[in-house]
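# A closer look at the structure
The residues making up each chain are set out below.
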Amino acid sequence: MNLRGTLTWGMRLGLLAGGLLLAAGCSTPPKVARPDPELEREAALARGALTSGSAEKAAGYYRRALDRARRMDQPAASGRNAYNLAACLVILNRDLEAQLLLDEAELEFQRAGLSADEINLLRARLARRAGQNAEALALAQAELKQLRPGDKFFIQHQVLQADAFCALGAASK
């Protein structure tokens with residue numbers, strides 16, 4: 001007996017639909033993080049303030065954006081705004097606060113599954129500024145082992161490494 005002849009057109013369609021459902025899975029759709037207008041507005045205001053030379057204003061806007069991202073539990077936005085706020089605080093010579101925010105940014109980027117090469121660059125710069133030249137050198141060299149020429153942070157790590165070498169050479173004399 002021919003199975004094809006015994007299945008009606010409707011039965012075939014039902015089997016096809018069932019097969020497609022099984023192939024696609026029966027899970028809920030993935031959670032898509034849509035940009036939050038308030039968060040995006042605060043970040044845009046911060047970028048504008050920083051561009052116009054007002055790191056203090058930019059820090060305030062980034063702090064509000066970070067608070068909003070935390071409330072919304074958006075790790076990528078939290079990491080990005082924590083890093084940007086830390087960068088503003090470095091400009092304002094508030095290094096201890098910046099260090100804490102870099103730790104938070106790193107954790108949030110990890111939680112979001114994102115890499116954050118810029119965090120170690122800023123950490124190395126903070127170490128260099130604090131006179132911790134050996135630590136700055138170690139951070140720069142560790143990153144250079146992972147980066148290749150042409151990567152966007154490669155030259156910055158090389159410059160930082162050279163600066164730390166010079167500072168260590170001057171300190172040993």
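Bear in mind that the values here come from a model prediction, so they are computed numbers and not experimental data. (Residues numbered from 1 in each chain as written. Predicted model: local features only at pLDDT ≥ 70, side-chain atom pairs only at ≥ 80, totals over all residues. Heavy atoms only, no water.)

### A word on the confidence of the model for the protein chain
On average, residues of the protein chain score 84 in pLDDT, and 78% of them are at 70 or above. Note that pLDDT drops below 50 for residues 20-30; the model gives that stretch one contact with residues more than four away or on any other chain. (pLDDT = per-residue confidence, 0-100. Contact = heavy atoms within 4.5 Å.)

### Digging into the pattern of salt bridges
This structure, assessed with the given rule, holds 15 salt bridges. Glu 104 is the salt-bridge partner of Arg 70, the closest N and O atoms lying 2.6 Å from each other. One end of the pair, Arg 70, is in helix H4 (residues 55-72); the other, Glu 104, is in helix H6 (residues 95-112), with 34 residues separating them in the sequence. Connected through shared salt-bridge partners, Glu 56, Arg 63, Arg 94 and Glu 97 make up one network. (Salt bridge = Lys/Arg side-chain N within 4 Å of Asp/Glu carboxyl O. Helix = DSSP H or I, 4+ residues; strand = E, 2+ residues; numbered from the N terminus.)

### Considerations on the packing of helix H5 (residues 75-91) against H6
Remark: H5 packs on H6, axes separated minimally by 8 Å, with the N-to-C direction vectors making an angle of 160 degrees. Classified by the angle their axes make, H5 and H6 are roughly antiparallel. Seen along the crossing, H5 lies across H6 with a hand that is left-handed. Residues Pro 75, Ala 76, Ser 78, Gly 79, Arg 80, Ala 82, Tyr 83, Leu 85, Ala 86, Leu 89 and Val 90 of H5 touch H6, and the partners they reach there are Asp 95, Glu 97, Ala 98, Leu 101, Leu 102, Glu 104, Ala 105, Glu 108, Phe 109, Arg 111 and Ala 112. Taken together, the residues that form the contact of H5 with H6 break down as 14 nonpolar, two polar and six charged. (Axes fitted to C-alpha atoms, helices over the stretch in contact; angles between N-to-C directions. Parallel < 35°, antiparallel > 145°, perpendicular 65-115°, else oblique. Left-handed = near helix turned anticlockwise from the far one by under 90°. Nonpolar A, V, L, I, M, F, W, Y, C, P; charged D, E, K, R; others polar.)

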